[in-house]
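Remarks on the overall topology
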Amino acid sequence: MKVTFYGTRGSTPVSERDFLQVGGNTSCILVTFDTGRIAILDAGTGIRKLGNDLMACSHEQYDNIYIGLSHTHWDHIQGFPFFKLAYDPRRHFTISICGKERHANSLESILTTQMQHEYFPVPLDKMGSALTFWEPDITSYTVPSGVSIIASKHNHPGGAYGYRLEEGGKTLVYCTDVEHGEGIDQGVVALSRDADLLIHDAQYTPDELKEKKGWGHSSWEQAGEVAEQARVKRLALFHHDYDHTDDFLFNMEKECQKRFPQAFLAREGLETEL
Ligand SMILES: [Zn+2]
Ligand SMILES: [Zn+2]
């Protein structure tokens, strides 16, 4: 399994020069499985370049490209209108939030609203590709190619889901937009147990977190504690704050590595094999 980071920023994209080494696009990750099939996690602004790259290499997967969403806050869906593959009538996508207890509007209506004419010129149902919306009331399933997926809901305003993907003895855990509260959420630790790579929300420093209770995010220290308790092999610090420059984040990475040597910053364009 291979992971490519296309968007690692949280909350809103940023474009100033001193942010671009780490990257300014919001949450989006490409997962390439051993079979060559792909899946996408979150559809923040990073999905624009992801789509362009797949078009440039004439990627041959036309059926059922899976897009798993952690939740539907803007920074996780706002890139979708600019995802060129979704305008290709030969392509089919399954857009999904997997897990129990979603009581809000349907996924289809949320994405439709984002593209209604007050906000965007092209409506969702005129994009051209076939879109299936899937909100299963299950937290664990295995797809025919042998990839198993476990979803777990965690604390975030409106709720968000973490995903554990396993293929060929390798495990990826994607857990962003998570607020732990007083102690570390043991559900997140359980989801992350023995993962080869944990991608975890690390929006704040420990000091910043004190001022941001209820905002729905974690500090790098909490990300490290999850990694330690779950005994993960590597930790990618993710969902970088929109006010944290490259220099700030490189310092944060060093601080984090003093306690958790296996940690690194998720940076746009970075590709890593599990
Ligand atoms: Zn977010
Ligand atoms: Zn959020």
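Relevant structure appears above.
The text that follows walks through the structure, step by step, so that each part is easy to find. (Residues numbered from 1 in each chain as written. Chains lettered and ligands numbered in written order. Predicted model: local features only at pLDDT ≥ 70, side-chain atom pairs only at ≥ 80, totals over all residues. Heavy atoms only, no water.)

Attention shifts here to the coordination of the zinc ion (ligand 2). Within the protein, the zinc ion (ligand 2) binds to H71 (NE2), H73 (ND1), H156 (NE2) and D177 (OD); these donor distances fall in the range 2.1 to 2.5 Å. Around the zinc ion (ligand 2), the four donor atoms are arranged such that angles at the metal cover 90 to 172 degrees; this shape is classified as irregular. Read in sequence order, the donor residues coordinating the zinc ion (ligand 2) give the pattern H-x1-H-x82-H-x20-D. In this structure, the zinc ion (ligand 2) lies 3.6 Å from the zinc ion (ligand 1), and both are coordinated by D177. (Donors = N, O, S within 2.8 Å, 3.2 Å for Na, K, Ca; no water. Tetrahedral: all angles 85-135°; square planar, octahedral: opposite > 155°, others 65-115°.)

Here we take up the packing of aromatic side chains. Applying the stated criterion across every chain, the model contains six aromatic pairs. Residues F5 and F238 carry aromatic rings whose centres are separated by 6.4 Å and whose planes lie at 40 degrees to one another, so their mutual orientation is tilted. Taken together, the residues span a long stretch of sequence, with F5 in strand 1 (residues 2-7) and F238 in strand 12 (residues 234-238) at a distance of 233 residues. Directly above the ring of Y62 sits R91, whose terminal nitrogen or CZ lies 4.0 Å from the centroid. Against the face of W215 rests K212, its NZ or CZ located 4.8 Å from the ring centre. (Phe/Tyr/Trp six-rings, centres within 6.5 Å; stacked < 30°, edge-to-face > 60°. Helix = DSSP H or I, 4+ residues; strand = E, 2+ residues; numbered from the N terminus. Lys NZ or Arg CZ within 6 Å of the ring centre and 35° of its normal.)

Those protein atoms acting as donors to the zinc ion (ligand 1) are D75 (OD), H76 (NE2), D177 (OD) and H239 (NE2), and they sit at 2.1 to 2.2 Å. With four donor atoms in place around the zinc ion (ligand 1) and angles of 91 to 163 degrees between them, the coordination shape is irregular. Considered as a linear motif, the donors of the zinc ion (ligand 1) on their single chain read D-H-x100-D-x61-H. The class for H76 is buried, based on a relative accessible area of 0%. (Buried < 20%, exposed > 50% of the residue type's maximum accessible area, 1.4 Å probe, protein only.)

Counting 53 residues, the largest nonpolar core has F83, L172 and I199 as its most contacted members. Dropping the residues within four chain positions of it, I199 is found in contact with V3, F5, I29, L172, V173, Y174, C175, A236 and F238. Membership of the second largest hydrophobic core comes to 26 residues, among which are V189, L198, L237 and M252. (Core = buried A, V, L, I, M, F, W, Y, C linked by side-chain atoms within 4.5 Å. Contact = heavy atoms within 4.5 Å.)

Further remarks concern the environment of Y163. Note that Y163 resides in strand 9 (residues 160-167). Distance from Y163 to C98, taken between C-alpha atoms, is 8.6 Å for residues 65 residues apart in sequence. Here the side chain of Y163 touches C98 through a polar contact of 3.1 Å, landing on its backbone nitrogen. (Polar contact = N/O pair within 3.5 Å; in protein donor to acceptor, adjacent residues only side chain to side chain.)

With that settled, the discussion passes to the packing of helix 6 (residues 220-230) against helix 7 (residues 246-259). Relative to each other, helix 6 and helix 7 sit at 35 degrees, their axes nearing to 10 Å. As for the relative orientation of helix 6 and helix 7, their crossing is right-handed in sense. Touching W220, E221, E225 and E228 of helix 6 are M252, E255, C256 and R259, all from helix 7. In terms of residue class, the contact of helix 6 with helix 7 is made up of three nonpolar, no polar and five charged. (Axes fitted to C-alpha atoms, helices over the stretch in contact; angles between N-to-C directions. Left-handed = near helix turned anticlockwise from the far one by under 90°. Nonpolar A, V, L, I, M, F, W, Y, C, P; charged D, E, K, R; others polar.)

If you trace the seven strands from one edge of the open sheet to the other, you get 6-5-4-3-2-1-14, paired in mixed fashion. With one partner strand each, in any of the chains shown, strand 6 (130-134) and strand 14 (271-273) form the two edges of the open sheet. For this sheet the average axis-to-axis angle between neighbouring strands, irrespective of direction, equals 20 degrees. Direction of pairing for strand 1 relative to strand 14: antiparallel, over a ladder of three bridges. Its bridge partner being in strand 14, T4 is matched across the sheet by E271. The sheet contacts of helix 3 (residues 107-114) involve strand 5 (92-96) and strand 6, and relative to strand 6 the element is tilted by about 130 degrees. (Pairing = 2+ DSSP bridges.)

So, on to the environment of A263. Looking at the secondary structure, you find A263 in strand 13 (residues 263-265). Overall, A263 belongs to the buried group, its relative accessible area being 3%. Between the C-alpha atom of A263 and that of I199, which follows or precedes it by 64 residues, the distance is 9.8 Å. In this structure, A263 is in contact with L235, C256 and Q257, ignoring residues within four places of it in sequence.

Moving on: the sheet that holds strand 7 (residues 140-142). Spatial strand order, 7-8-9-10-11-12-13: seven strands in an open sheet with mixed pairing. Both edges of this open sheet fall to strand 7 and strand 13, since each of them pairs with a single strand only. Put simply, the sheet's adjacent strands are angled 20 degrees from each other on average, direction ignored. Where strand 9 meets strand 10 (residues 170-175), five bridges bridge the pair, whose relative direction is antiparallel. Across the sheet, residue Y163 finds its bridge partner in strand 10, namely Y174. Against the sheet, helix 7 makes contact with strand 12 and strand 13, and its axis sits at roughly 175 degrees relative to strand 13, the strand it touches most.

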